[in-house]
Amino acid sequence: NESGGPDGLINQIDASLTRTKAVRWGEGFSLRFLGIPRTALYTELELEQGRVLLREDRQSLDGPDSGNGSSAGEVFFRETVTNVRRGVWTLGGRMDPWPLLDLTAHVRRRVNNNDYDDQRESVAATGALSAFTDSQNVHTTEFAMRTLLKPCRWFRSSFRYQFRDDDYSTRFEAQDTVKTGMLSHIYTYDVTLQPMKTLLTTASFSRQDASTTTPAALASSANTPAFNAGVNTWLLSMDYTPTSTVTLTNSLLYSRAGNFNDFAGSGLPLGVDNERLDLTTGAQWALTEDFSVGGKYAFHHYQANSNAEFGDYDAHILWLDIAKKF
């Protein structure tokens, strides 16, 4: 109702129809070499190709009011064929020089290429196209190593190091290719204790150092620096089975990141700065061989960066599980 307030009649209806169809196929190759004593070497190659068809159509229809409420500006359609090429190549090995020591390492390369071929697309009044992404490629290089110490049956300790180099390349309609990169280093130390067959405990500490760079770092007006994140995470867990039919589980995760940098003078405030706490406790009771009941309670706390954002919350969650085997 253009001349007055709402009159209870629908002026316009937008009808949308979305259809998608995908075909995927792939190949795999694996090779292992066991010719060196106490050593295993392997390489794996996985390839995948795909073709995804997406059709989207939206029309503006007149409602049951007296006038013609349909809008030509709400007509939207596009049809895009996406050609997907993915591949993962891994080269790794495992070595046990002594019974109490286990060493593993691998190098991995991931390639995910998406080429968008627009078959038809609508044009807005401003000249903008409804399908505007031409391609998006993500290439990842990863290296990981782990040292596991197992001097006795009830004690295990390990240290892991992971390195990731992610390169993102995106091209939009009639635009230059935009490249973004992320470097990540993750250091993890954990200890597992099993003093009794019925009790298993794990303690872990992880440190992640990550840095993300965008073309804005070279912009003449903003010169936005790299986005840095330094996150420390502690994890404690315990599984206890007092009887053959009852299992008790508890876990505590605490994560802290304090890396806020106020670059408001030259760009956006950047840097991860938050606090997270997850507490979970539960029990599972097997009444019979094929029937069990269980419950779980979880408390989640998140404290956002008070210098740049809002979003603090506390959450309480209860689960009830009933399982029956047939």
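To keep things clear, this report deals only with the structure shown in the data block. (Residues numbered from 1 in each chain as written. Predicted model: local features only at pLDDT ≥ 70, side-chain atom pairs only at ≥ 80, totals over all residues. Heavy atoms only, no water.)

## Structural notes on the overall build of the protein
Reasoning step 1: When you go through the protein residue by residue, the secondary structure sums to zero helices and 13 strands.
Reasoning step 2: From first element to last, N terminus to C terminus, the protein shows the α and β order β-β-β-β-β-β-β-β-β-β-β-β-β.
Reasoning step 3: For the protein, buried positions account for 21% of its 326 residues.
Reasoning step 4: Considering only intrachain contacts with a sequence separation of at least 6, the fraction spanning at least 24 residues in the protein is 56%. (Helix = DSSP H or I, 4+ residues; strand = E, 2+ residues; numbered from the N terminus. Buried < 20%, exposed > 50% of the residue type's maximum accessible area, 1.4 Å probe, protein only. Contact = heavy atoms within 4.5 Å.)

## Focus: the environment of Q194
Reasoning step 1: Mapped onto the elements, Q194 comes out in strand β7 (residues 178-196).
Reasoning step 2: For Q194, a relative accessible area of 26% corresponds to the partly exposed category.
Reasoning step 3: Separated by 45 residues in the primary sequence, Q194 and D239 place their C-alpha atoms 9.7 Å from one another.
Reasoning step 4: Beyond its immediate chain neighbours, meaning those up to four positions away, Q194 contacts R153, W154, L199 and L200.

## Remarks on the nonpolar core
Within soluble globular proteins, side chains that are nonpolar tend to cluster in buried spots.
Reasoning step 1: Counting five residues, the largest nonpolar core consists of A210, A229, V231, A257 and V272.
Reasoning step 2: Ignoring sequence-local partners within four residues, the contact set of V272 consists of F227, N228, A229, A257, G258, N259 and F260. (Core = buried A, V, L, I, M, F, W, Y, C linked by side-chain atoms within 4.5 Å.)

## Remarks on the pattern of salt bridges
Reasoning step 1: In total, this model carries 19 salt bridges according to the counting rule given.
Reasoning step 2: Measuring nitrogen to oxygen at the nearest pair gives 3.7 Å for the salt bridge that ties R94 to D96.
Reasoning step 3: A salt bridge links D134 to R171; the nearest nitrogen and oxygen atoms lie 4.0 Å apart. With a gap of 37 residues between them, D134 in strand β5 (residues 133-152) and R171 in strand β6 (residues 155-172) connect regions that are remote in the sequence.
Reasoning step 4: The partly exposed category is assigned to R171, whose relative accessible area is 31%. (Salt bridge = Lys/Arg side-chain N within 4 Å of Asp/Glu carboxyl O.)

## Quick look at the packing of aromatic side chains
Reasoning step 1: One pass over the full model with this rule turns up seven aromatic pairs.
Reasoning step 2: The ring centre of W319 lies 5.5 Å from the NZ or CZ of K296, which sits over that ring.
Reasoning step 3: The ring of F326 is capped by K324, whose NZ or CZ atom sits 5.9 Å from the centre of that ring. (Phe/Tyr/Trp six-rings, centres within 6.5 Å; stacked < 30°, edge-to-face > 60°. Lys NZ or Arg CZ within 6 Å of the ring centre and 35° of its normal.)

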